[in-house]
Amino acid sequence: MTRVAFLGLGHMGLPMAKNLVAAGHEVHGFDLVPAAIEAAGAAGIPVAASGAEAVADAEVVVTMFPAGKHVIEAYRTELLAAARPGTLFIESSTIAVDEARAAHALALAAGHRHIDAPVSGGVVGAEAGTLAFMVGGSDDDFAAALPLLEIMGKRIVHCGGPGLGQAAKVCNNMVLAVSQIAVAEAFVLGERLGLEHQALFDVVSQASGQCWALTTNCPVPGPVPTSPANRDYQPGFAGALMAKDLGLALQAIEQTSTDARMGRLAQELYAAYAAGEGGTRDFSGIITDIRG
């Protein structure tokens with residue numbers, strides 16, 4: 001049994017923490033949002049009065065925060081000082097690569113271990129314990145974290161040194177955004193040409209255009225009954241989160257002077273989508289913007 005502090009008990013964090021409890025680990029949580037605290041209590045997870053209190057006796061600290069600035073601030077102001085020497089920090093928020101490396105440096109300077117381990121798979125994957133983890137950090141720290149990651153995820157990849165888990169995450173989500181837009185545009189074009197949704201799906205899902213954005217996250221109702229399109233685009237993975245991740249991708253594109261025109265365009269389109277009702281709808285709902 002490992003003593004785990006889990007900070008950030010939102011839509012993703014709470015089911016991840018529940019899976020650790022179900023596997024026999026001792027989990028103490030913390031969140032700033034009253035509704036998240038209430039939900040954790042209802043799930044049987046003790047909630048500390050502060051982040052510092054949560055991490056004080058932990059062997060491992062998992063953080064799942066909205067943005068990099070929250071991670072850096074929490075590390076600097078309370079978490080690193082309150083944790084016991086040698087605590088393993090698993091940073092599972094999606095943040096910028098340079099922020100991940102800054103968090104790693106802060107943790108090491110305070111006498112702790114650290115990996116960045118962002119996730120893919122959404123709420124469904126968090127609940128089912130089938131998330132994908134993209135991990136950056138040392139071989140030893142990856143090995144130490146692996147037993148816990150395997151409880152919360154199905155696919156765990158060590159991508160290299162500090163920050164490279166986040167690098168893999170922004171690259172993956174850029175591919176996902178571009179492909180989701182392409183699938184949505186194809187369905188709109190098919191509609192205007194007179195194609196039935198099912199007919200187009202039956203062709204593309206078995207042809208060279210096959211992709212996750214089509215076969216799992218199909219943006220039109222019908223062909224994939226479990227897709228958000230059949231729930232009025234309830235997320236899933238909200239457009240606001242995709243816009244945030246593409247903002248991180250754009251930051252990396254500019255820092256590396258990469259000629260990524262499709263990535264830039266995807267960021268522009270999702271920023272516009274998230275600024276409207278798409279902020280709280282699934283990111284596949286961008287088809288509604290494409291229809292006009």
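Our subject is the structure that appears above.
Cut-offs applied
Residues numbered from 1 in each chain as written. Predicted model: local features only at pLDDT ≥ 70, side-chain atom pairs only at ≥ 80, totals over all residues. Heavy atoms only, no water. Helix = DSSP H or I, 4+ residues; strand = E, 2+ residues; numbered from the N terminus. Rg over C-alpha atoms; globule rule 2.2 N^0.38 Å. Buried < 20%, exposed > 50% of the residue type's maximum accessible area, 1.4 Å probe, protein only. Lys, Arg positive; Asp, Glu negative; His and termini not counted. Charge placed at Lys NZ, Arg CZ, Asp CG, Glu CD. Pairing = 2+ DSSP bridges. Right-handed = clockwise from strand over helix to strand, strands pointing away. Phe/Tyr/Trp six-rings, centres within 6.5 Å; stacked < 30°, edge-to-face > 60°.

## Some points on the overall build of the protein
Piece 1. Along the protein, the regular secondary structure elements total 13 helices and eight strands.
Piece 2. What you see for the protein is a C-alpha radius of gyration of 20 Å, in line with the 19 Å of a compact globule of 292 residues.
Piece 3. In terms of overall dimensions, the protein has a C-alpha envelope of 65 × 45 × 30 Å along the principal axes.
Piece 4. A buried classification covers 48% of the 292 residues belonging to the protein.
Piece 5. Where the 17 positive side-chain charges of the protein centre and where its 29 negative ones centre are 2 Å apart.

## Observations concerning the pairing of strand S7 (residues 131-136)
Piece 1. With respect to burial, S7 is a largely interior element, five of its six residues being buried.
Piece 2. In this structure, strand S6 (residues 119-120) lies alongside S7, joined through two bridges in antiparallel fashion. For Val-119, the partnering residue across the bridge sits in S7 and is Phe-133.
Piece 3. Across six bridges, S7 lies against strand S8 (residues 153-160) in parallel orientation. Counted as the bridge partner of Gly-136 is Gly-160 from S8.
Piece 4. One crossover worth recording links S7 to the parallel S8 by way of helix H7 (residues 139-152), and it is right-handed.

## Quick notes on the packing of aromatic side chains
Piece 1. Considering all chains together, one arrives at four aromatic pairs under this definition.
Piece 2. Between Tyr-270 and Tyr-273 the ring centres are 6.0 Å apart and the planes differ by 80°, which places this aromatic pair in the edge-to-face class. In this pair, Tyr-270 and Tyr-273 are both assigned in helix H12 (residues 261-275), three residues apart and thus about one turn of the helix distant.
Piece 3. Feature note: the residues Phe-237, Tyr-270, Tyr-273 and Phe-283 constitute an aromatic cluster, connected by ring pairs.

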